[in-house]
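# An overview of the molecular structure
The residues making up each chain are set out below.
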Amino acid sequence: MAGWRRIIGMLSLAVAITVLTSRAPTKAQQAAQDDGGVAPAAQSADQQAKPEPPRPAGAGGSYRPNDDPYPSTYRVSASKPFAITNATVMTAAGPTIRGGTVVVRDGKIVDVGARVPIPADAAVIDGAGKYVTPGVIDVHTHLGVYPAPAVAALSDGNEATSPSTPEVWAEHSVWPQDPQFPRDLAGGVTTLQTMPGSANLIGGRTVVLKVVPARTVQEMKFPGAKHGLKMACGENPKNVYEKTGPSTRMGNMAGYREAFIKAERYRRKWDQWLAEPKGDPPDRDLAMDTLAETLRGNMLAQTHCYRADEMAQMIDLAKEFGFSIRAFHHAIEAYKVADLLAREHISAAVWADWGTFKMEAMDPVMTNAALVFAAGARPVIHSDDPIGSQRLNQEAAKAMAAGRAAGIPVTEDDAVKWFTANAAWTLGLDDRIGTIAPGRNADLVLWSGNPFSVYTKADKVWIDGALRFDRSAPGDWWRTDFELGFVPPVQKGRQ
């Protein structure tokens, strides 16, 4: 029997390696990609989430702004206080601190500086020769909704049945056992935004996740994070709906406008009833729920858009209906309208050097992020790719180097914000993550060297002060149920 178990285990591992290294995208996945630790079962008793008290049955047909029918059940894991000393600390909130110390207690950063007292009960981690940054944040990924293995049965990122599907929520497709999650964690990623794909004008709600082992998506959801509204410009909706429409860019724009006209009428009806709830509530519409929340400012518009002219038109669309665009994603021509992005407080989530793979992506420059930065806007380095997501620090290094080569004075203190602080702002979470400052969540990465070097790896990764990845302890690495079906227990006493 033991022999059979070993054989089955070896076969499972071989299958996992195969599917992780051969990602042939399905047709629906291509539309998204053309956008261009331990499992809970192994946690100790004090780490496991306490059971939720039973909730009363919901009204079903009624809702209020900011309703949260699928709330996060994530719980901060218990951890002992610790201090990282003698490290080069890139705070993303100010200048780099050489020989710095970061002190963490109860999942929060309590002190950071060159000379700070170390509590007597804190474990000390010597960071000599190493760097500390905030946890890496990927604002655009499809992890969980396009998991490995890349097979049709798991292709759940595009509800490509109508040009506008704001009623769908990405979290209802997320597979927590996606073996790409632990690989992101090993790359220093602590927070990510999983999105629907870009087949549709309005693709649905995004979800912000913590990169932690979980049985359910609710156990990964970032508590209190706003949903995003995924929208897509240009060629993807045109191509997917070529025969039924919209098949032109003017058809795309008409589709957005029609949807928001209905949503504004819906919002007014509900707001009036909520102010004076007499009689039965208005009929509920899931699609309009989402768009009404966007109009109220309770959701952040995250818009896939390549061309400069379309970004300008989407800004006008948002003004017509009174909502704000938080970020343009991919934004290959952001450098052409960087002043508009700065004026409208819109970030540009971009690649370092991708482009030319379709007509709307034919005018890229490697200085895109640097030019956006020079204009006073917020560049963000994103992935839209499961491999790129593991190396966002290196992608930022490429973008920084291109800017410097063009004479744009980008420092490492500037560039570290492109995958930390600016990304946190794009998700509306800059008061909680993205910087190393007292009061922020202790999402930290201890790097083996300068994070802008291709030779550097993440040595340790903490989320809310709990050590979730330790390169020196492979026996504790997060292995999904899909890969092995068995996860070794956590060693008690480990940070």
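Just above, that's the structure.
The text that follows walks through the structure, step by step, so that each part is easy to find. Numbering of residues begins from 1 in every chain and follows the order in which that chain's sequence is written. In keeping with the predicted nature of the model, local features appear solely for residues at pLDDT of at least 70, side-chain atom pairs appear and are counted solely at 80 or more, and the whole-chain, interface and lining totals rest on all residues. Just so you know, side-chain values use all the structure's heavy atoms and leave hydrogens and water out.

This brings us to the overall build of the protein. Going along the chain from the N terminus, every DSSP run of H or I of four or more residues is numbered as a helix, and every run of E of two or more is numbered as a strand. If you tally the helices and strands in the protein, you get twelve helices and 17 strands. A 1.4 Å probe rolled over the protein chains alone gives each residue an accessible area, and that area as a share of the maximum for its type sets the label: buried under 20%, exposed over 50%, partly exposed in between. Residue burial in the protein is summarised as follows: out of 495 residues, 56% are buried. Carbon and sulfur atoms provide 54% of the accessible area of the protein, an area that totals close to 20,700 Å². Per-residue accessibility takes into account occlusion by the displayed protein chains alone, with areas from the Shrake-Rupley method and a 1.4 Å probe.

What follows concerns the packing of aromatic side chains. The criterion for an aromatic pair is that two Phe, Tyr or Trp rings (for Trp, the six-membered ring) have centres within 6.5 Å, with stacked assigned to planes under 30 degrees apart, edge-to-face to planes over 60 apart and tilted to the rest. This model, assessed by the stated rule, comprises 17 aromatic pairs. Ring centres of phenylalanine 181 and tryptophan 478 lie 6.5 Å apart, and the angle between their planes is 5 degrees; on these two criteria the pair is classed as stacked. With phenylalanine 181 in helix α3 (residues 180-186) and tryptophan 478 in the segment after β17 (466-470), this residue pair connects regions lying 297 residues apart in the sequence. Assessed through its relative accessible area of 0%, phenylalanine 181 is described here as buried. Residue tryptophan 478 is classed as buried on the basis of its relative accessible area, which comes to 7%. Taking 5.8 Å as the distance between ring centres and 75 degrees as the angle between the ring planes, the aromatic pair formed by tryptophan 351 and phenylalanine 357 counts as edge-to-face. Through successive ring pairs, a cluster of aromatic residues spans Tyr63, Tyr266, Trp270 and Trp273. For a ring to carry a charge above it, either NZ of a lysine or CZ of an arginine must fall within 6 Å of the ring centroid while also lying within 35 degrees of the normal to the ring plane. Taking NZ or CZ as reference, arginine 326 lies 3.8 Å from the ring centre of tryptophan 425, over its face.

Time to look at the sheet that holds strand β7 (residues 189-194). Think of a sheet as strands paired side by side through backbone hydrogen bonds, with each pair either parallel or antiparallel. Two strands pair if DSSP finds at least two bridges between them. As summarised here, the arrangement of the three strands in space is β6-β7-β9, forming an open sheet in which the pairing is mixed. Edge strands, defined here as strands with exactly one partner in the open sheet, are β6 (136-141) and β9 (207-210). On average, adjacent strands in this sheet sit at an angle of 20 degrees to one another, irrespective of strand direction. Relative to β7, β6 runs parallel, the two sharing four bridges. Fitted lines through C-alpha atoms serve as axes, helices being fitted only where they are in contact, and the angles separating the N-to-C directions of these axes extend from 0 to 180 degrees.

Here we come to the nonpolar core. By convention a nonpolar core is built from buried Ala, Val, Leu, Ile, Met, Phe, Trp, Tyr and Cys residues, the set being connected through side-chain atoms within 4.5 Å. Core analysis: the biggest nonpolar cluster contains 90 residues, and Ile202, Tyr256, Phe260, Met314, Phe323, Phe328 and Phe452 have the highest contact counts within it. Here the element with the most residues in this core is helix α5 (residues 249-275); it accounts for eight residues. Membership of the second largest hydrophobic core comes to 17 residues, among which are Val89, Ile109, Val132 and Ile436.

All right, on to the sheet that holds strand β11 (residues 300-305) then. Spatially, β8-β10-β11-β12-β13-β14 is the arrangement adopted by the six strands of the open sheet, whose pairing is mixed. Edge positions in the sheet fall to β8 (202-205) and β14 (379-381), since each of these pairs with one other strand and no more. Across the sheet, the mean angle from the axis of one strand to that of its neighbour is 25 degrees, orientation sign disregarded. The criterion used for residue contact is that any of the two residues' heavy atoms lie within 4.5 Å. Helix α7 (residues 308-321) rests against β10 (228-232), β11 and β12 (325-330) of the sheet, and its axis sits at about 160 degrees to β12.

In contact at an axis separation of 11 Å, α5 and α7 are set at 20 degrees when each is read in the N-to-C sense. As far as their axial angle goes, α7 and α5 are roughly parallel. Where α5 crosses over α7, the two elements pack in a sense that is right-handed. Facing Arg249, Met253, Tyr256, Arg257, Phe260 and Ile261 of α5, the residues of α7 in contact are Glu310, Gln313, Met314, Leu317, Glu320 and Phe321. Angle categories are assigned with fixed cut-offs, so that under 35 degrees is roughly parallel, over 145 is roughly antiparallel, 65 to 115 is roughly perpendicular, and the rest are oblique. Each crossing gets its hand from how the near helix is turned against the far one by less than a right angle, where anticlockwise is left-handed and clockwise is right-handed.

It is worth spelling out the packing of α5 against helix α6 (residues 286-296) at this point. As a packed pair, α5 and α6 sit with axes 8 Å apart at the nearest point and diverge in direction by 80 degrees. On the basis of the axis angle, α5 is roughly perpendicular to α6. Where α5 abuts α6, its residues Ala259, Phe260, Lys262, Ala263, Glu264, Tyr266, Arg267, Trp270 and Asp271 lie against Met288, Asp289, Leu291, Ala292, Leu295 and Arg296. Any residue that is not Ala, Val, Leu, Ile, Met, Phe, Trp, Tyr, Cys, Pro, Asp, Glu, Lys or Arg is counted as polar, Gly included; the first ten are nonpolar and the last four charged. Its residues assigned to classes, the contact of α5 with α6 shows nine nonpolar, no polar and six charged.

Looking at the secondary structure, you find asparagine 252 in helix α5. Within polar-contact distance, the side chain of asparagine 252 engages the backbone oxygen of glycine 234 at 3.1 Å. Not counting residues within four places of it along the chain, the set of residues in contact with asparagine 252 comprises Leu201, Cys233, Gly234, Pro237, Lys238 and Pro246. In protein, a polar contact requires one atom able to donate a hydrogen and another able to accept it; more generally it is a pair of N or O atoms within 3.5 Å, and residues adjacent in sequence count only if both atoms are side-chain atoms.

For this document, the term salt bridge refers to a Lys or Arg side-chain nitrogen within 4 Å of an Asp or Glu carboxyl oxygen. Scanning the model with the defined rule gives 25 salt bridges in all. Residues aspartate 459 and lysine 130 are paired through a salt bridge, measuring 3.0 Å at the closest nitrogen-oxygen approach. One end of the pair, aspartate 459, is in strand β16 (residues 458-463); the other, lysine 130, is in the loop between β4 (123-126) and β5 (131-134), with 329 residues separating them in the sequence. Counted as one network, the salt bridges with shared partners bring together Glu264, Arg267, Arg268, Asp271, Glu293 and Arg296.

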